[in-house]
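Listed below, chain by chain, are the residues.
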Amino acid sequence: MSGPIRVVLIDDQALFRTGIRMLVDSQPDLRFVGEAANGLEGISIAASAAPDVILMDIRMPVMDGIESTDAILKAADARGGPRPRIIVLTTFDLDEAATRAIRGGASGFLLKDTDPEFLLAAIRTVHAGTSVIAAAATRELFEHFDSQATATVPPPEFDTLTAREHDIFLLAARGLSNAEIARGEFLSEATVKTHISRILAKLALRDRVQLVVFAYEHHLVD
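Below, the structure is looked at part by part. (Residues numbered from 1 in each chain as written. Predicted model: local features only at pLDDT ≥ 70, side-chain atom pairs only at ≥ 80, totals over all residues. Heavy atoms only, no water.)

### Quick word on the layout of surface pockets
Its volume calculated, the largest pocket comes out at about 260 Å³. Along the walls of the largest pocket sit 14 residues, with Pro51, Asp52, Pro82, Arg83 and Pro84 positioned nearest its centre. Looking at the lining of the largest pocket, the elements with two or more residues in it are α2 (39–49) and α3 (65–79). (1 Å grid on protein atoms, 1.4 Å probe; cavity = no way out; pocket = protein on both sides within 12 Å on 5 of 7 lines; lining within 4 Å. Points joined across faces, edges and corners; volume = space filled by probe spheres on them. Helix = DSSP H or I, 4+ residues; strand = E, 2+ residues; numbered from the N terminus.)

Written out as structure tokens, the structure is:
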């Protein structure tokens, strides 16, 4: 990765935007490249600023974060360029809107009152594409809101997983980190990371968040 990570913030609270802009710009490896006060403005700034990571508020006037996330990712696909990573921001621990945004392509979620250092780490982690924000919390969201959902049949690609990949898939879907999987399965973290990468490639999933979504949509975890 070359150059600083380009960050855009889409949020209707001006004071919050100011604080995040100052926080991001205080970091030598991050660059704040734009902001918007609602989801509709966010679509335009995402197209013009070409951010690597977008911090997206869920509840905003004019257009909410769910619609904006969907539109931004579809526009990126239409341009044929890379998709920005989107972290949705919420004020609620269990937020159905955050669940919908994750289904729509967001890479994770954070509470708006999260520690500043954790927010900075989240931006870097999501940009690297090697992990997931609050995997256990993402799992908790889907447990809470999908308990009555109708299961769908997994696609044929799921059957291409090896026995080891299947086991690691289930552990990752339950929110375990690479380190926790490695300890439990008596593997190195590098080996677990390789397995996770292969699983994501076989299932055409972008990251660990999408793996959790896949598992819960097909009722593959208890």
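So much for the structure itself; the text now carries on.
### Section: the pairing of strand β4 (residues 85–90)
Looking along a regular strand, one sees side chains alternate from face to face of the sheet. Where burial is concerned, most of β4 is hidden: 6 out of the 6 residues are buried. The two faces of β4 match: Arg85, Ile87 and Leu89 on one face and Ile86, Val88 and Thr90 on the other face are all buried. Strand direction decides the pairing type here: strand β3 (residues 53–57) and β4, joined by 5 bridges, are parallel. Bridged to Leu55 within β4 is Ile87. Note on the crossover from β3 through α3 to β4: the handedness is right-handed. Strand direction decides the pairing type here: β4 and strand β5 (residues 108–111), joined by 4 bridges, are parallel. (Buried < 20%, exposed > 50% of the residue type's maximum accessible area, 1.4 Å probe, protein only. Pairing = 2+ DSSP bridges. Right-handed = clockwise from strand over helix to strand, strands pointing away.)

### Digging into the nonpolar core
Where a protein is soluble and globular, its nonpolar side chains tend to be buried together. Ranked by size, the top nonpolar core spans 23 residues in total, and within it Ile10, Ile54, Met56, Ile72, Ile86 and Val88 carry the most contacts. Residue assignment for this core shows that the elements contributing at least two residues are β1 (5–10), α2, β3, α3, β4, α4 (96–103) and α10 (208–217). With 4 residues, α4 is the largest single contributor of residues to this core. Val192, Leu200, Leu203 and Leu211 belong to the second-largest nonpolar core, a separate cluster that totals 22 residues. (Core = buried A, V, L, I, M, F, W, Y, C linked by side-chain atoms within 4.5 Å.)

### Notes on the packing of aromatic side chains
Tallied over the entire structure, the rule returns 3 aromatic pairs. Look at Phe158 and Phe169: their rings are 5.2 Å apart centre to centre, the planes differ by 70°, and that puts the pair in the edge-to-face class. Pair noted here: Phe158 is in the loop between α6 (135–145) and α7 (163–173) and Phe169 is in helix α7, with a separation of 11 residues, a long-range link. Where Phe158 meets Phe214, the ring centres are 6.1 Å apart and the plane angle is 35°; that geometry is what we call tilted. Residue Phe158 is located in the loop between α6 and α7, and its partner Phe214 is located in helix α10; the two are separated by 56 residues in the primary sequence. Accessibility assignment for this pair places Phe158 and Phe214 in one class, buried. Feature note: the residues Phe158, Phe169 and Phe214 constitute an aromatic cluster, connected by ring pairs. Lys112 extends its terminal NZ or CZ atom over the ring of Phe16, reaching a point 4.6 Å from the ring centre. (Phe/Tyr/Trp six-rings, centres within 6.5 Å; stacked < 30°, edge-to-face > 60°. Lys NZ or Arg CZ within 6 Å of the ring centre and 35° of its normal.)

### Side note on the sheet that holds β1
Pairing is parallel in the open sheet, where 5 strands are placed in the order β2-β1-β3-β4-β5. Lying at the two open borders of the sheet, with one neighbouring strand each, are β2 (30–36) and β5. Averaged over all adjacent pairs, the angle separating strand axes in this sheet is 25°, with direction ignored. Seen against the sheet, helix α5 (residues 116–128) touches β1, β2, β3, β4 and β5 and runs at an angle of roughly 150° to β4. (Axes fitted to C-alpha atoms, helices over the stretch in contact; angles between N-to-C directions. Contact = heavy atoms within 4.5 Å.)

### Quick notes on the environment of Ile181
Inspection of the secondary structure puts Ile181 in helix α8 (residues 178–185). For the pair Ile181 and Asp167, spaced 14 residues apart in sequence, the C-alpha to C-alpha distance is 9.7 Å. For Ile181, the contacting residues outside a window of four places in its chain are Ile168, Leu171, Ala172, Leu176, Val192 and Arg208.

### Regarding unusual backbone geometry
At Ala50, a position not held by glycine, the phi torsion is positive, near 50°. Positionally, Ala50 belongs in the loop between α2 and β3. Here Ala50 falls in the partly exposed class, since its relative accessible area comes to 47%. Phi is positive for Ala204, which is not a glycine, with a value near 55°. Among the secondary structure elements, Ala204 is positioned in the loop between α9 (189–202) and α10.

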